[in-house]
Amino acid sequence: MNVLRAPLLPLRAGLAQIGACGIFLFRILRALPLSLRYLRETVRQVYFVGAMSLVIIMTCGLFVGMVLGLQLYHTLSIFGGTAALGTVVALSLYRELGPVVTALLFAGRAGTSITAEIGLMRATDQIDAMEMMAVDPLAFVVAPRFLAGIIAMPILASVFNSLGILGAHLVGVSWLGLDNGTFWSNMTANVDVWEDVINGLWKSTAFGAVITLIATFQGYSTAPTSEGVAYATTRTVVFSSIATLMIDFVMTAFLM
Amino acid sequence: MSATPASDGANPRADALISIRGLSTVLNGKTIFDGIDLDIPRGRITAVMGPSGTGKTTLMRHITGQLAPDAGEIRVDGQDVTRISRDALFGLREKIGYLFQNSALLTDYSVFENVAFPLRQHLKLPEAIVRNIVLTKLQAVGLRGAADLMPSELSGGMVRRVALARAIVRDPMMIIYDEPFVGLDPIALNQILKLIRTLNDTLGVTSILVAHELAAVRRVADRIYLLAGGKIVAQGGPDELARGGTPWTQQFFNGEADGPVPFHYPAPDYATQLGLAGGKP
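Residues numbered from 1 in each chain as written. Chains lettered and ligands numbered in written order. Predicted model: local features only at pLDDT ≥ 70, side-chain atom pairs only at ≥ 80, totals over all residues.

Peer 1: In this structure, what is going on with the overall build of chain B? I would like to understand it.
Peer 2: Summing up its helical and strand segments, chain B has 11 helices and 10 strands in all. With the principal axes as the frame, chain B shows a C-alpha extent of 80 × 55 × 40 Å. Relative to its 281 residues, chain B shows a buried fraction of 37%. Long-range pairs, those at least 24 residues apart, make up 61% of the contacts in chain B with a sequence separation of at least 6. (Helix = DSSP H or I, 4+ residues; strand = E, 2+ residues; numbered from the N terminus. Buried ≥ 20, exposed ≤ 12 C-beta atoms within 10 Å, placed from the backbone. Contact = placed C-beta atoms within 7 Å.)

Peer 1: I'm lost on the interface of chain A and chain B in this one. Help?
Peer 2: By a widely used convention, the size of an interface equals the accessible area lost when the partners come together. Facing the 10 residues of chain A at the interface are 14 residues of chain B. Taken together, the residues that form the side of chain A that touches chain B break down as five nonpolar, two polar and three charged. (Nonpolar A, V, L, I, M, F, W, Y, C, P; charged D, E, K, R; others polar.)

Peer 1: Whenever I open this one, the pairing of strand 7 (residues 174–178) of chain B confuses me. Can you help?
Peer 2: Along any regular strand the residues' side chains alternate between the sheet's two faces. Residue and element names in this part refer to chain B. Where burial is concerned, most of strand 7 is hidden: five out of the five residues are buried. Alternating residues of strand 7 divide into Met174, Ile176 and Asp178 and Ile175 and Tyr177, and every residue in both groups is buried. Direction of pairing for strand 7 relative to strand 8 (residues 206–210): parallel, over a ladder of five bridges. Bridged to Ile175 within strand 8 is Ser207. (Pairing = 2+ DSSP bridges.)

Peer 1: What should I look at first to understand the confidence of the model for chain B in this one?
Peer 2: In low-pLDDT regions, the fine details of the predicted coordinates are not to be read closely. Looking at chain B as a whole, its pLDDT mean stands at 84, while 93% of the residues score no less than 70. Reported for the predicted complex are a pTM of 0.84 and an ipTM of 0.80. (pLDDT = per-residue confidence, 0-100.)

Peer 1: I would appreciate a short explanation of the packing of helix 4 (residues 54–78) of chain A against helix 5 (residues 85–123) of chain A in the present structure.
Peer 2: Geometry of a packed helix pair, given as the angle between the helix axes and the separation of the axes. All names here are of chain A. Packing of helix 4 against helix 5 brings their axes to within 10 Å, and their N-to-C directions diverge by 145 degrees. Note that helix 4 runs across helix 5; the crossing there is right-handed. Across the interface between the two elements, Ile56, Ile57, Cys60, Val64, Gly65, Leu68, Gly69, Leu72, Tyr73 and Leu76 from helix 4 touch Leu85, Val88, Val89, Ser92, Leu97, Val101, Thr102, Leu105 and Arg109 from helix 5. (Axes fitted to C-alpha atoms, helices over the stretch in contact; angles between N-to-C directions. Left-handed = near helix turned anticlockwise from the far one by under 90°.)

Peer 1: I tried to follow the nonpolar core on my own but got confused; where do I start?
Peer 2: Leu209 and Leu226 of chain B are the most contacted members of the largest nonpolar core, which has 139 residues in total. The leading source of residues in this core is helix 7 (residues 137–175) of chain A, at 19 residues. Apart from residues no more than four positions distant in its own chain, Leu226 of chain B is found in contact with Met49, Gly50, Ile232, Val233, Ala234, Gln235, Leu241, Trp248, Thr249 and Phe252 of chain B. (Core = buried A, V, L, I, M, F, W, Y, C linked by C-beta atoms within 7 Å.)

Peer 1: Hey, could you run me through the pairing of strand 4 (residues 71–76) of chain B in this one?
Peer 2: Residues and elements named next belong to chain B. One ladder, built from five bridges, connects strand 1 (residues 16–27) with strand 4; its direction is antiparallel. Among the inter-strand pairings, Arg21 is bridged to a residue of strand 4, identified as Glu73. Of the pairings in the sheet, the one linking strand 4 to strand 5 (residues 79–80) comprises two bridges and is antiparallel in character. Paired with Arg75 across the two strands is Asp80, which belongs to strand 5. Two successive antiparallel strands, strand 4 and strand 5, enclose a turn made up of two residues, where Asp77 displays a positive phi of approximately 50 degrees.

Peer 1: For this particular structure, what's the right way to read helix 3 (residues 39–50) of chain A?
Peer 2: Residue and element names in this part refer to chain A. With 12 residues, helix 3 should cover 16 Å at 1.5 Å per step; its first-to-last C-alpha distance of 16 Å lies within 8% of that length. Those residues of helix 3 lying buried are Gln45, Val46, Val49 and Gly50. Considered in projection along helix 3, the buried side chains sweep an arc of 110 degrees and stay on one side of the axis. Away from its buried face, by an angle of more than 90 degrees, helix 3 presents the exposed residues Arg40 and Tyr47. (Expected span 1.5 Å × (residues − 1). Arc of directions from axis to C-beta.)

Peer 1: Would you mind going over helix 5 (residues 127–140) of chain B with me for this structure?
Peer 2: In an α-helix, one full turn covers 3.6 residues, which means residues spaced three or four apart are oriented alike. Residue and element names in this part refer to chain B. With 14 residues, helix 5 should cover 20 Å at 1.5 Å per step; its first-to-last C-alpha distance of 20 Å lies within 8% of that length. Those residues of helix 5 lying buried are Val134, Lys137 and Leu138. All buried residues of helix 5 project into a common sector of 100 degrees when viewed along the axis, lining one side. Structural note: helix 5 exposes Ala128, Ile129 and Asn132 on the side pointing more than 90 degrees away from its buried face.

Peer 1: Explain the confidence of the model for chain A here, please?
Peer 2: Across chain A, the average pLDDT comes to 93, with 99% of residues at or above 70. No element of chain A has a lower mean pLDDT than helix 1 (residues 2–5) of chain A, at 72, and none a higher one than helix 7 of chain A, at 96.

Peer 1: Explanation requested: the sheet that holds strand 4 of chain B in the structure shown.
Peer 2: Backbone hydrogen bonds are what pair the strands of a sheet, in a parallel or an antiparallel way. Taken in spatial order, the four strands of this open sheet run 2-1-4-5 (chain B), and their pairing is antiparallel. Single-partner strands in this sheet number two, and they are strand 2 (30–41) and strand 5 of chain B.

Peer 1: Help me understand the packing of helix 9 (residues 193–220) of chain A against helix 10 (residues 226–255) of chain A in this model?
Peer 2: Residues and elements named next belong to chain A. One can describe the packing of helix 9 onto helix 10 by two numbers: an axis separation of 9 Å at closest approach and a directional angle of 155 degrees. Judged by the inter-axis angle, helix 9 sits roughly antiparallel to helix 10. In this structure, helix 9 crosses over helix 10, and the sense of that crossing is right-handed. Counting all contacts with helix 9, which are made through Asn199, Lys203, Ala206, Phe207, Val210, Ile211, Ile214, Ala215, Gln218 and Gly219, the residues of helix 10 involved are Ala232, Arg235, Thr236, Phe239, Ser240, Ala243, Thr244, Ile247, Asp248, Met251 and Leu255. Residues belonging to the contact of helix 9 with helix 10 are distributed by class as follows: 12 nonpolar, six polar and three charged. (Parallel < 35°, antiparallel > 145°, perpendicular 65-115°, else oblique.)

Peer 1: I would appreciate a short explanation of the sheet that holds strand 9 (residues 223–228) of chain B in the present structure.
Peer 2: Residues and elements named next belong to chain B. Taken in spatial order, the six strands line up as 6-7-8-3-9-10 in an open sheet, and their pairing is mixed. At either margin of the open sheet sits one strand with a lone partner, and together these are strand 6 (96–99) and strand 10 (231–236). The mean inter-strand angle of the sheet, taken between neighbouring strand axes irrespective of direction, is 15 degrees. Inspection of the sheet shows strand 3 (residues 45–49) paired to strand 8 by four bridges, in the parallel sense. Bridge pairing in strand 8 places Val48 opposite Val210. Relative to the sheet, helix 10 (residues 247–254) contacts strand 9 and strand 10, its axis offset from that of strand 9 by approximately 100 degrees.

Here's what the structure looks like:
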């Protein structure tokens, strides 16, 4: 009996985690109206998870765009299609790379700090202290970070996309000598605002929600020890990355 | 009018702010409380003492509704905290000041903002009034000059005094001090002791003091409950308990290493575990 059960135990634990995370989401949503009172806290969090992530997002966006430009230019030149460089770069960024890479960076940069911060607040009784001062920590601590993730992610992804296109332009036009007008006109003719840009933004909004949900959940339910916080931070990155890629596939299938 | 003092004397429960009946708790398979009855009188300093790990903090968590017991009734100011709604519980907590073992200051906020936190969250007061209240409370704990510092810049004793200022900022009806003396030097300890006594006398609050420093507790407490092994093993005034002859009080007040509170954590038979029983190697 135990032999049969043993492999199922991690599965059961995993399902229990997902269930607990679902209940946690429900509790956040219930605390959202109350959290509107803490608008200032939400703005502060948008600054922390959004503005403070700008440097890494911009740097990575620029280099991803430059690599794309370089790789695609050589591939396209085989078929004599270098004129399509702008289009291909923009489409891959808007549809996939922008939202997904931004989400992975966001999980590493903002997700971990959210988990560690809430985890340490838990470990040092700050969460309990708020409860004792009749302040709902879900409304004051968790919901503002959750909202901040949803607000910041699409903006960060847009910045990433813009820098990516700039990077591809730098390589394709300034370095490899592609015609400037061709680069831009082909791009604007073939990239659709609704199909490509807005759908990409939907994706990044969803990623922002999922990553901050996982990050806050891991921090909130961490064991109040240094080891517990360390594990929770690791789990945030692992689960966020997996969730991002899985949701990306599902959303792509539906949005196509 | 003459009935009031008479009923006070005859029935101490009528005067109790907190009244606990039949409290039982099992945590991780370990019995923490086994049918405890306990009353905390209004306007007095009641100390809950006992060896580490007897559930003193757990008892405070029950009283404040942070943790639900397995059985029993906990009435605080007439309300059963095990049954009331979250809103009612939050309403009750607004009237309770809680000093955490590790002070639990919000590390992102300055001393001033920490003390102002409960005011800002619950009352819409003009900034000038918030400022005056906070400075008054900081003055009471002697830290008005530290208002602009961050918690990380304070010493252990100062952190605890800031936490105390935060606990009293809304003039609560009751203050719970959870291990307020741990890790304090003699000067800081005396300062905290003096504050506990002064606050109790001037504000007329009910104070619950969780501690195991006997010498300190004897100086302020009006009444002491001694918890051990999931039960209340002794209760009474400090001097009464010090004189009292139960084995529990003897061991605790004389600091004996072994006695009714065993030195050894429950374990299987020593010889068996070492493989010496029954002649086996």
